Amino acid sequence: MLTQDEAQKLMQIISENNTFLITTHHNPDGDALGSEIAMSEYLKSLGKDVYIVNNLETPDNYQFLDVNKEILIYEKHKHLQLVTAADVFFILDISDWPRLRELGELIKKSPAHKICIDHHHVDYKFADIDIIYEEVSSTGELLYEFLKFVNFPLNQKTATALYTCILTDTGSFRFSNTSDKTHSVASELLKTGIKSREIFCQIYEQNSKSKMALMGEALSHLNYDCNGKLAWFVLTNEMFTKHGANCWDTEGFSELPRTIKGVEVSLMITELKKNEIKISLRSNGKIVINTIAQTFGGGGHNFAAGAKINKSLVEALPLVLKEIKRKICDDLI
Ligand SMILES: [Mn+2]
């Protein structure tokens, strides 16, 4: 967990600087966005100039976090100045430069302080200060520790943001990253009076009809391998067009086959473009799957990982299946 030394180092950098830019990964999720909002609330309370700049838009079901529409979507002609003027960059929920896209390139080149707060697996130095704890449920949980250390009185906006981080990254407290500590932090957040039912509903009960139609088709074409230990499905471009669905509509899909009795690993293969596919792997905890994702240039957590592959679906599918089958057989024998 966050050490006193790390927290003090952060406090010092914060007190010595004035302009902060917060960013996160491409395709921001609940933990990414919640962490940004929470950090921004804290910095603003100190009278700092704070900007949140992301590469991609906030998905509809997370718009409720950004009540004052503070999150900016990076456009070179509009925001280059903000990047060059920043004293400190907070890079949250990500420790991988390519997933920061064009904004990452600029941050990397900048002489300003770079601080990473994250819980993804890394075996290299990423920023000037890396506060990365893999065992923590979410970046939000880590940030909570920091905000507690600095005695920041949590307002409802911050508590909602941090609760969203934890709720989403633990799959609503279901995943193995959920510890007794995670529950205590959630409990502290609930004591501020935030409404857990409303937050859940905002995030998970706004499904579109196209999402349901796409899910129906995907689930009716499930494939099983490795004696039923692997369940996989493909989302083709054609399926997206047919149902009028987009990439946001697939949130939560990769989890579904994993819940089938006997299945240890689920694989979702999404056709993004003609020569670009995405694999999303989920494991029940017996088989570490981020090593498979790493084989294809991706990464993630032990039991939830993914990769993008610059190949056509037809080309990539056999390669991916071969690698996964090899890994599953190796681990289960
Ligand atoms: Mn996260």
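Residues numbered from 1 in each chain as written. Predicted model: local features only at pLDDT ≥ 70, side-chain atom pairs only at ≥ 80, totals over all residues.

Caption draft 1: Molecular detail of the sheet that holds strand E4 (residues 88–92). A sheet is described by the order of its strands in space; here 6 strands give the open sequence E3-E2-E1-E4-E5-E6, paired in parallel fashion. On the outer flanks of this sheet lie strand E3 (71–73) and strand E6 (129–132), each paired with one strand and no other. Across this sheet, the average inter-strand angle for adjacent strands is 25°, counted without regard to direction. Across 4 bridges, the pairing between strand E1 (residues 19–24) and strand E2 (residues 49–54) is parallel. Paired with Ile22 across the two strands is Ile52, which belongs to E2. Strands in contact with helix H1 (residues 4–16) are E4, strand E5 (113–118) and E6; relative to E5, the strand with the most contacts, it is inclined by about 140°. Docked against the sheet, helix H2 (residues 30–45) engages E1, E2 and E4, running at close to 170° with respect to E1. (Pairing = 2+ DSSP bridges. Helix = DSSP H or I, 4+ residues; strand = E, 2+ residues; numbered from the N terminus. Axes fitted to C-alpha atoms, helices over the stretch in contact; angles between N-to-C directions. Contact = placed C-beta atoms within 7 Å.)

Caption draft 2: Focus on unusual backbone geometry. If you check the backbone angles, Asn27 has positive phi at about 50° while not being a glycine. Within the secondary structure, Asn27 is located in the loop between E1 and H2. Of note in this structure, Lys69 is not a glycine but carries a positive phi near 50°. Positionally, Lys69 belongs in the loop between E2 and E3. Lys69 gets classed as exposed once you count the C-beta atoms within 10 Å, which come to 8. (Buried ≥ 20, exposed ≤ 12 C-beta atoms within 10 Å, placed from the backbone.)

Caption draft 3: Geometry of the nonpolar core. Phe90, Ile91, Ile115, Leu162 and Tyr163 are the most contacted members of the largest nonpolar core, which has 51 residues in total. Residue contributions to this core peak at 7 residues, all from helix H6 (residues 156–169). Residues within four places of Tyr163 in sequence aside, it is in contact with Ala186, Leu189, Ile194, Ser196 and Ile199. (Core = buried A, V, L, I, M, F, W, Y, C linked by C-beta atoms within 7 Å.)

Caption draft 4: Spotlight on the pairing of strand E10 (residues 276–283). In terms of residue burial, E10 counts as a mostly covered element, since 7 of its 8 residues are buried. Judged from the 8 bridges that link them, strand E9 (residues 265–273) and E10 form a sheet pairing that is antiparallel. Bridging from a neighbouring strand, Ser266 pairs with Arg282 of E10. What sits between E9 and E10 in their antiparallel hairpin is a turn of 2 residues.

Caption draft 5: Fine view of the sheet that holds E10. Read across the sheet, 6 strands follow the order E7-E8-E9-E10-E12-E11 without closing on themselves; strand pairing throughout is mixed. In the strand order of this sheet, the two ends are held by strand E7 (223–225) and strand E11 (299–301), each with one partner. Strand-to-strand, the axes of this sheet are offset by a mean angle of 20°, without reference to chain direction. Pairing geometry for E7 and strand E8 (residues 230–235), over 3 bridges, is antiparallel. Bridge pairing links Asp225 to Leu230 in E8.

Caption draft 6: Expanded view of helix H7 (residues 180–190). Within H7, the full set of buried residues consists of Thr182, Val185, Ala186 and Leu189. Considered in projection along H7, the buried side chains sweep an arc of 100° and stay on one side of the axis. Opposite the packed face of H7, turned more than 90 degrees from it, sit the exposed residues Asp180, Ser184 and Ser187. (Arc of directions from axis to C-beta.)

By themselves, these figures tell us nothing about what the structure is for.
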